[in-house]
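If you want the building blocks of each chain, they are given just below.
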Amino acid sequence: MLEEEQVAFFLASRLITRGNKGTLLLTVTIIALVFVNLIFLPSIIAGVVILFNQQTIDFSYGNLVIEPRENELVITKADELQQKINRIPGVVASSPRYAGGSTIVYKGRSASPLLVAIKPSDEVQVLKTHTKVISGDFLTDADRGQIVIGRTLAGSADQKVDRVASLGGAEVGKTVEVTFRNGETRQYRVKGILYSGTSATDSNAFITRKEYESVMGVSDSANQILVKTQTTGNEDAMRITLMQYGVQEQVWTWEDKSADFLQSIVGSFAIINFISTIVSLIIAIVIIFIVIFINTVYRRKQIGILQAIGIDRSIIIKSYIFQALFICVCGTAAGCVLLLLMLQYLTASPLVFPGGPVAPVLELSLVLQAVGSLFVVSLIAGYVPSWLTTREEILSAIRG
Amino acid sequence: MIAGNSLFKIYGKGSVEVRALDGVDITISRGEFVGITGASGSGKSTLLHLLGLLDRPTSGSLRIDGVEVSALSEKERTAFRLNRLGYVFQDYALVPELTAEENIFLPSKVRGMTSKECTRACRDILSLVGLKDRVSFLPGEMSGGEQQRVAIARALINNPALILADEPCANLDTKNSIVILELLKKLNHDLRQTVVMVSHEEWHQRYFDRVVTLQDGKIISDIGT
Ligand SMILES: Nc1ncnc2c1ncn2[C@@H]1O[C@H](COP(=O)(O)OP(=O)(O)OP(=O)(O)O)[C@@H](O)[C@H]1O
Ligand SMILES: [Mg+2]
């Protein structure tokens with residue numbers, strides 16, 4: 001049997017090396033582009049997903065989020081719970097917060113952001129929001145009468161620039177008026193403005209817990225505790241550990257909390273990606289098919305003669321499969337080179353998404369999948385046309 | 001060697017029926033050099049196609065080299081062509097991407113000969129057909145006569161029981177035709193190779209041992225010269 005493959009390979013190699021180089025080059029180029037297309041978009045999407053996930057962890061939720069027990073609105077004895085959580089192995093830090101609605105007015109413009117009350121010294125150990133202050137400073141534990149607002153909330157004087165209700169260009173040092181949920185109104189000096197790239201965070205306002213508690217007349221309470229764990233990725237296990245250590249409040253992972261938002265984005269990306277993959281593969285099938293088909297039709301007579309001198313049909317079919325595989329291998333190789341060049345370029349000048357630069361993430365499984373599907377594509381595209389052509393009566397093939 | 005009995009090849013049906021072969025009985029012995037001649041459309045190619053297993057008779061029996069070939073499957077017929085027949089076409093029919101040598105050893109490679117054996121056999125045959133110095137020429141780099149000699153070498157490589165040639169000189173001038181005819185004659189004489197050749201040129205007949213003449217699908221004369 002192996003002799004057949006040898007002869008088929010021999011024939012294929014000669015037909016390729018002594019055949020039309022232009023057509024070969026063109027086909028290989030197209031397959032290379034298809035290969036790049038199969039990998040490039042998904043790897044960008046993977047990069048975006050990773051960026052979004054990291055942002056969710058860094059600026060919104062940490063690794064775990066603890067919320068009040070079911071049917072309760074607040075976590076009472078938040079400080080005690082915080083200390084308990086901090087002692088659990090695997091926990092790095094935690095930050096009790098109180099997040100609630102508010103209305104902020106500045107120069108006659110008003111917005112209703114989420115007002116988050118934090119203890120800055122705890123918050124900085126869990127989130128990285130404090131590193132994203134673009135003007136002024138972040139809060140400190142002792143701050144009273146000071147507020148830090150997100151850039152989206154601060155807005156700009158030119159109303160057309162803002163896509164959402166904003167304070168129309170509140171700046172550091174200016175005074176804003178905040179109305180709390182209990183109806184109390186206070187004046188706050190803007191201490192800092194932050195821009196994290198995470199739209200939720202950038203529309204929030206931050207004050208200290210001390211300040212919040214004095215206004216609201218509460219103490220030692222929170223409605224969420226964000227937890228940072230030593231490793232990212234084992235949140236589900238950590239969640240169970242927390243419960244085993246007797247945390248009776250609801251424990252969520254950042255993935256749970258961001259599910260709706262992120263999953264709908266990832267879901268849409270997956271659909272786009274699926275369509276693009278299918279289209280690419282169909283293009284690849286059609287191209288290789290056409291090339292091999294034209295080739296076999298063009299050599300119809302020759303194929304008839306080969307059969308006439310006793311060369312079995314299967315050898316001829318195999319030789320066309322080999323040619324298709326060769327095109328596929330060259331195309332894939334050229335595609336790899338092209339992809340590496342693109343990746344290199346993108347590392348040097350990355351795509352910037354809200355929240356930071358996105359590095360394409362090249363997953364081996366994805367590459368193997370692309371190589372595998374191109375392989376199958378070329379098997380089909382090599383087999384079908386040569387099968388069709390060799391099925392013809394020898395005599396009618398020879399007559400041309 | 002060949003025993004064909006009441007061979008019919010009928011194309012079409014009813015009023016448009018064409019009897020390309022109309023009851024041909026033919027026996028050819030080993031070592032004969034047989035010429036088949038006749039007017040255009042008399043059925044010469046049709047007969048050769050049957051002998052070459054490129055086509056099946058509508059009816060009739062055909063034994064070649066002791067095998068009842070009409071009973072063979074398609075795959076067996078392909079193997080039979082490879083192992084026992086050498087077919088030479090009017091237009092040489094070489095693979096343009098293969099060199100002279102590669103064209104010749106292709107059929108022997110299929111039989112599983114090693115590259116070394118192939119190369120040896122090729123060189124021998126190429127010197128037999130007088131093309132020692134054309135080993136690595138592509139068909140496009142050779143004259144028609146040279147290409148036809150390569151085609152004959154290709155037909156010879158597997159040591160066939162029978163060589164069939166359908167107007168091998170039709171595209172050649174007289175000088176080259178003579179070279180081809182002498183080559184076939186030499187193979188027939190020196191190697192005791194059975195050769196059946198179709199030709200409608202009167203002057204070719206002096207090379208044949210025997211001339212079979214067809215007319216409207218029937219043998220009208222069968223003369224040993
Ligand atoms: N596929 C076919 N369908 C219908 N008729 C055919 C077919 N092949 C051959 N014929 C007919 O059979 C007859 C014999 O044809 P054949 O090719 O054997 O003639 P020939 O003797 O080789 O002629 P030439 O000298 O021109 O090559 C012709 O009348 C031809 O029209
Ligand atoms: Mg003819």
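Residues numbered from 1 in each chain as written. Chains lettered and ligands numbered in written order. Predicted model: local features only at pLDDT ≥ 70, side-chain atom pairs only at ≥ 80, totals over all residues. Heavy atoms only, no water.

Draft legend 1. Looking closely at the sheet that holds strand S3 (residues 33-38) of chain B. Residues and elements named next belong to chain B. Read from one edge to the other, the open sheet built from six strands follows the order S6-S7-S8-S3-S9-S10, with strand pairing classed as mixed. In this open sheet, the two edge strands, each paired with only one partner strand, are strand S6 (85-88) and strand S10 (218-224). Averaged over neighbouring strand pairs, the angle between their axes works out to 15° when direction is ignored. Both S3 and strand S8 (residues 194-198) contribute to a ladder of four bridges, which runs parallel. Among the inter-strand pairings, isoleucine 36 is bridged to a residue of S8, identified as valine 198. In this fold helix H2 (residues 74-84) packs onto S6 and strand S7 (162-166), with an angle of close to 85° to the strand it touches most, S6. Along the sheet, helix H6 (residues 174-190) makes contact with S3, S7 and S8, crossing S8 at roughly 155°. (Pairing = 2+ DSSP bridges. Helix = DSSP H or I, 4+ residues; strand = E, 2+ residues; numbered from the N terminus. Axes fitted to C-alpha atoms, helices over the stretch in contact; angles between N-to-C directions. Contact = heavy atoms within 4.5 Å.)

Draft legend 2. The arrangement of the environment of isoleucine 31 of chain A in detail. Residue and element names in this part refer to chain A. If you trace the backbone, isoleucine 31 turns up in helix H2 (residues 21-61). Taking the C-alpha atoms as reference points, isoleucine 31 and leucine 281, separated by 250 residues in sequence, lie 9.4 Å from one another. Non-local contacts of isoleucine 31, meaning those with residues more than four positions away in its chain, are made with Ala284, Ile288, Ile327, Cys328, Gly331, Thr332 and Leu374.

Draft legend 3. Quick peek at the interface of chain B and chain A. Between chain B and chain A, the residue contacts involve 26 residues of the former and 25 residues of the latter. Together chain B and chain A conceal approximately 2300 Å² of surface at their shared face, both sides included; 66% is due to carbon and sulfur atoms. The interface formed by chain B and chain A contains five salt bridges. Arginine 18 of chain A is the partner of glutamate 102 of chain B in a salt bridge, and the nearest nitrogen-oxygen pair spans 2.8 Å. Of all elements in the fold, only H2 and helix H3 (100-110) of chain B reach the threshold of two or more residues within the side of chain B that touches chain A. Residues belonging to the side of chain B that touches chain A are distributed by class as follows: 13 nonpolar, four polar and nine charged. (Buried area = accessible area lost by both parts, 1.4 Å probe. Salt bridge = Lys/Arg side-chain N within 4 Å of Asp/Glu carboxyl O. Nonpolar A, V, L, I, M, F, W, Y, C, P; charged D, E, K, R; others polar.)

Draft legend 4. View of H6 of chain B. Here H6 of chain B contains 17 residues, and its C-alpha end-to-end distance of 23 Å stays within 8% of the 24 Å for a straight helix at 1.5 Å per residue. Where H6 of chain B ends, the next residue or the one after it, arginine 192 of chain B, has phi of about 55°, a positive value. (Expected span 1.5 Å × (residues − 1).)

Draft legend 5. Representation of empty space enclosed by the protein within the structure. In this structure the tally under the stated criterion is four cavities of 30 Å³ or more. What the largest cavity holds in volume is close to 90 Å³. For the largest cavity, the full set of lining residues is Ala308 and Ile309 of chain A together with Arg81, Leu82, Leu85, Gly86, Tyr87, Pro107, Arg154, Ala155 and Asn158 of chain B. Mapped onto the lining of the largest cavity, the elements with two or more residues apiece are H2, S6 and helix H5 (144-156) of chain B. (1 Å grid on protein atoms, 1.4 Å probe; cavity = no way out; pocket = protein on both sides within 12 Å on 5 of 7 lines; lining within 4 Å. Points joined across faces, edges and corners; volume = space filled by probe spheres on them.)

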